[in-house]
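# A closer look at the structure
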Amino acid sequence: MSVDLDQPDELDVVANDFDDLDEVADERSVSLFEGDEGGLEYAQRHALVTLLKQRFISARTHPRDWQVLVEHERVIRSRLNDLFLDLQVDPAREVAWKRQAFSETGGRFPTLLHDTAWSREETLVLVHLRDRLRAGLAGGDARVYIDREDIVDYVASFRPTHATDEAGDEKRARNAVVSIVKAGLLIGSAAEDRYEISEAVEPLLPLELLHELLDALQRANGTEPADEAEAAEPADLFEEDGE
């Protein structure tokens, strides 16, 4: 099973590959090169480009771009709208991301984005991270951490009863952890054994989507709960806010 998250088409390059221009760019001017007719200052353009290149930005992972977004949200939103993109902002968690805009008439707009489907293992990792993040924050933790082996064991718990390739399944689970690290939803080096869970996990994976994902995974594995009591087992994952 998988979940699709928008990614820029042909824009997946390192987020800070032009940070060294900061020292030479005049951030007080909107004319940054010969023939430049853009209307944004350098810092605003930087934040806009980072939003286009990354799945999300946050105060934790992109502090400078986040501050610019907070101060100039309307103009950055306008530029994204010009590209048929919609800006999503979660001020409480200090996370922002973009979505494809949809016509009110049901038509489709041209898009710079393509849907990147998470693999089955990556989807399970994301479900587990959201669960652990919510539990940690509810317990008063300012930052929530998780061990690599904890994640791998969780993915293994969803192995179908007929599966026999345990070594292959474990390798896919470990590769999924690396992918989530690269996506920025686990903070730390891919070679580390312990990570901080990004606050972006929850807003990027809404509750309704997680219901669908877990149900689909259970059906695909032949582990669909037999009755309502069993179906309610992962209640900690799906508790509504404030309950």
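Residues numbered from 1 in each chain as written. Predicted model: local features only at pLDDT ≥ 70, side-chain atom pairs only at ≥ 80, totals over all residues. Heavy atoms only, no water.

## A closer look at the pairing of strand E3 (residues 85-90)
- Where E3 lies against strand E4 (residues 95-100), 6 bridges are found, and the strand directions are antiparallel. Residue pairing for E4: Asp86 is matched across the bridge by Arg99.
- Linkage of E3 to E4, two consecutive antiparallel strands, is achieved through a turn of 4 residues, within which Glu94 is found at a positive phi near 55 degrees. (Pairing = 2+ DSSP bridges. Helix = DSSP H or I, 4+ residues; strand = E, 2+ residues; numbered from the N terminus.)

## What to know about the confidence of the model for the protein
- The share of residues in the protein with pLDDT of 70 or more is 72%, and the mean pLDDT across the chain is 78.
- Averaged over each element, pLDDT in the protein is lowest for helix H10 (residues 235-238) (33) and highest for helix H2 (residues 63-71) (96).
- Considering only residues more than four positions removed or in separate chains, one finds that residues 8-18, a stretch of pLDDT under 50, has 23 contacts. (pLDDT = per-residue confidence, 0-100. Contact = heavy atoms within 4.5 Å.)

## Looking at the packing of aromatic side chains
- Under the defined criterion, the tally for this structure stands at 2 aromatic pairs.
- When the ring of Phe84 is compared with that of Phe109, the centres are 4.7 Å apart and the planes differ by 15 degrees; the resulting orientation is stacked. Linking Phe84 in the loop between helix H3 (73-82) and E3 with Phe109 in the loop between E4 and strand E5 (113-117), this pair joins segments that are 25 residues apart in sequence.
- On the basis of relative accessibility, which here comes to 33%, the residue Phe84 falls in the partly exposed class. (Phe/Tyr/Trp six-rings, centres within 6.5 Å; stacked < 30°, edge-to-face > 60°. Buried < 20%, exposed > 50% of the residue type's maximum accessible area, 1.4 Å probe, protein only.)

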